[in-house]
Amino acid sequence: MDHKIIASIMTDISENIVWPIIHEICKDHNKKVVNPFSARIGSGARTYHTLKRQNGKKQHIVTYGQKMLEDKRDYNRAVQWLTGREIIEKDFFNGVATYENIVAHTILHEMAHALQVIMGDRTYNSVHNKAFYQWLKLLHNKCGHEVLNALINKSQKKKVSLDFKINEIEENNPTPIINARVGKIYQCYLNKQNALVKLTKINPKKFAIIVIDEKHKENGKSYSIPKHMLDKAPEEFIKNRIDLNVINDAPLDTNQIKILKKYKIELKKRTLVVEVKKKNRTTAIVEILSGNDGMIGQKWKIPLSNLKENN
Ligand SMILES: [Zn+2]
């Protein structure tokens, strides 16, 4: 039932937010939009764009399958869909694959096919081609956040949840964590053992997390946990549980970089620990704290984006 409501919200957003943006883009590229558009709800999983003759006139039609929405409720299933993988691999919505991000991205993906067809960039043997991803990226830039916000607001109004199907847990851990950030890595006591987890969403009373711990049997599962269950992960524990490259991909909000705090930078496959001495909007002066003797103590000017969290 919920999924039918979400699919109807998706059709609404496609017709009233994204289609007008597609018109704008076409105007910018001197392309005339010849055929009208409509979105519809499908009963199965199939979710697709087609240019089809209906009532004697060709029409762009996007279908959102209810079973697709149901299947994506499970994180492990969601990331098997192309749209789920795209978020992570191509860094849409900062690479965070929450259910709401996946649903919003699904709208943008299907609508990008409409744009691709109008632009003449769809060929028989090449559907998800380079041009497609260029149009998809442009749609994200033009209206990605508007689509996501509309989805969240309309779902709230209709009292429909946009969370993954999750396993609720109540346990006691006396260490509350302050300033927890989405995308960062923490630990959490799950199933009688500490697990390495990534924070995916901050709700008023709970945290949504995904287990990213290869040595924990809940690896890959999503949970909603009481906030006090999230804990800082000691460096040794992280190293034991996960490939460090994954951690280096954790997004770092450059506004949050603090003076006198330690960060990591990568240099020719080596990782150096540095301390930020000064910073402005785009660069930082850092002092090298690790590396060979000649290097330690040197001060370098580097872009803020090169700094990684020193977990
Ligand atoms: Zn596609």
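Everything numeric here is computed off the predicted structure, so don't read it as measured data.

Parameters at a glance
- Residues numbered from 1 in each chain as written.
- Predicted model: local features only at pLDDT ≥ 70, side-chain atom pairs only at ≥ 80, totals over all residues.
- Helix = DSSP H or I, 4+ residues; strand = E, 2+ residues; numbered from the N terminus.
- Buried ≥ 20, exposed ≤ 12 C-beta atoms within 10 Å, placed from the backbone.
- Contact = placed C-beta atoms within 7 Å.
- Axes fitted to C-alpha atoms, helices over the stretch in contact; angles between N-to-C directions.
- Parallel < 35°, antiparallel > 145°, perpendicular 65-115°, else oblique.
- Left-handed = near helix turned anticlockwise from the far one by under 90°.
- Nonpolar A, V, L, I, M, F, W, Y, C, P; charged D, E, K, R; others polar.
- Expected span 1.5 Å × (residues − 1).
- Bend = angle between axes of the 7 residues up to and from the residue.
- Pairing = 2+ DSSP bridges.
- pLDDT = per-residue confidence, 0-100.

A.B. asks: Please give an account of the overall build of the protein chain that cites residues and values.
C.D. replies: Along the protein chain, the regular secondary structure elements total eight helices and 14 strands. Taken over the C-alpha atoms alone, the protein chain extends approximately 75 × 45 × 35 Å along its principal axes. In the protein chain, which comprises 311 residues, the share counted as buried stands at 32%. Pairs at least 24 residues apart make up 51% of the contacts formed inside the protein chain by residues separated by at least 6 positions.

A.B. asks: Tell me about the packing of helix 1 (residues 2-28) against helix 5 (residues 99-118), and please be specific about residues and values.
C.D. replies: One can describe the packing of helix 1 onto helix 5 by two numbers: an axis separation of 10 Å at closest approach and a directional angle of 40°. With respect to each other, helix 1 and helix 5 are oriented oblique. As for how helix 1 packs across helix 5, the hand of that crossing is right-handed. Together, Ile-6, Met-10, Ile-13, Ser-14, Val-18, Ile-22, Ile-25 and Cys-26 of helix 1 and Val-103, Ile-107, Met-111, Ala-114, Leu-115 and Ile-118 of helix 5 make up the contact between the two elements. Residues belonging to the contact of helix 1 with helix 5 are distributed by class as follows: 13 nonpolar, one polar and no charged.

A.B. asks: So what's going on with helix 1? Which residues, and what values?
C.D. replies: If you check helix 1, its first and last C-alpha atoms are 38 Å apart, about what 27 residues at 1.5 Å a residue would give, namely 39 Å. When the local axis directions of helix 1 are compared, the greatest deviation, roughly 35°, occurs at Ser-14. Those residues of helix 1 that fall on the buried side of the exposure criterion are His-3, Ile-6, Ala-7, Ile-9, Met-10, Ile-13, Ser-14, Val-18, Trp-19 and Ile-22. Residues of helix 1 that are buried in the fold lie against strand 1 (37-42), strand 3 (57-65), helix 2 (66-71), helix 5 and helix 6 (130-157).

A.B. asks: If you had to explain the pairing of strand 6 (residues 193-202) to someone new, which residues and values would you point to?
C.D. replies: Taking burial as the measure, the 10 residues of strand 6 include seven buried ones, the bulk of the element. Across six bridges, strand 5 (residues 185-190) lies against strand 6 in antiparallel orientation. Among the inter-strand pairings, Ile-185 is bridged to a residue of strand 6, identified as Lys-198. Here strand 5 folds back onto strand 6 in antiparallel fashion, the turn holding two residues, of which Asn-191 has a positive phi close to 50°. Pairing analysis gives five bridges linking strand 6 to strand 7 (residues 206-211), with the strands arranged antiparallel. Note that in strand 7 the partner of Val-197 across the bridge is Val-211. Joining the antiparallel neighbours strand 6 and strand 7 is a turn of three residues.

A.B. asks: Pulling in residues and values, what's your account of the sheet that holds strand 3?
C.D. replies: Sheet architecture is open: three strands sit in the order 1-3-2, paired in mixed fashion. In this open sheet, the two strands that pair with only one neighbour each are strand 1 and strand 2 (48-54). Taken over all neighbouring pairs, the strand axes of this sheet differ in orientation by 35° on average, direction set aside. Of the strand pairs in this sheet, strand 2 and strand 3 are connected by seven bridges, and their pairing is antiparallel. Within strand 3, the position partnered with Lys-52 by the bridge is Gln-59. Its contacts with the sheet put helix 1 on strand 1 and strand 3, and the angle it makes with strand 1 is roughly 170°.

A.B. asks: Tell me about helix 5, residues and numbers included.
C.D. replies: Residues spaced three or four apart along an α-helix face the same direction, because each turn holds 3.6 residues. A rise of 1.5 Å per residue sets the reference length of helix 5, with its 20 residues, at 28 Å; its end C-alpha atoms lie 29 Å apart and thus fit the reference within 8%. The element helix 5 is largely enclosed, with a buried count of 19 among its 20 residues. Once helix 5 finishes, Gly-120 follows within two positions and takes phi at roughly 75°, a positive value.

A.B. asks: Can you break down the packing of helix 5 against helix 6 residue by residue, with the values?
C.D. replies: Between helix 5 and helix 6, the shortest axis-to-axis distance is 8 Å and the interhelical angle comes to 135°. By the angle between their axes, helix 5 is oblique relative to helix 6. The crossing of helix 5 and helix 6 is right-handed. Residues Glu-100, Asn-101, Val-103, Ala-104, Ile-107, Leu-108, His-109, Met-111, Ala-112, Leu-115 and Gln-116 of helix 5 pack against Ala-131, Phe-132, Trp-135, Leu-136, Leu-139, His-140, Gly-144, Val-147, Leu-148, Leu-151 and Ile-152 of helix 6.

A.B. asks: Please provide a residue-by-residue account of the confidence of the model for the protein chain, values included.
C.D. replies: Per-chain confidence: the protein chain averages 86 in pLDDT, with 90% of residues scoring 70 or above. This model gives residues 170-174 a pLDDT under 50, and the stretch forms seven contacts once residues within four places in sequence are excluded. Every residue in residues 246-251 scores below 50 in pLDDT, and together they form 13 contacts with partners more than four places removed in sequence or on other chains.

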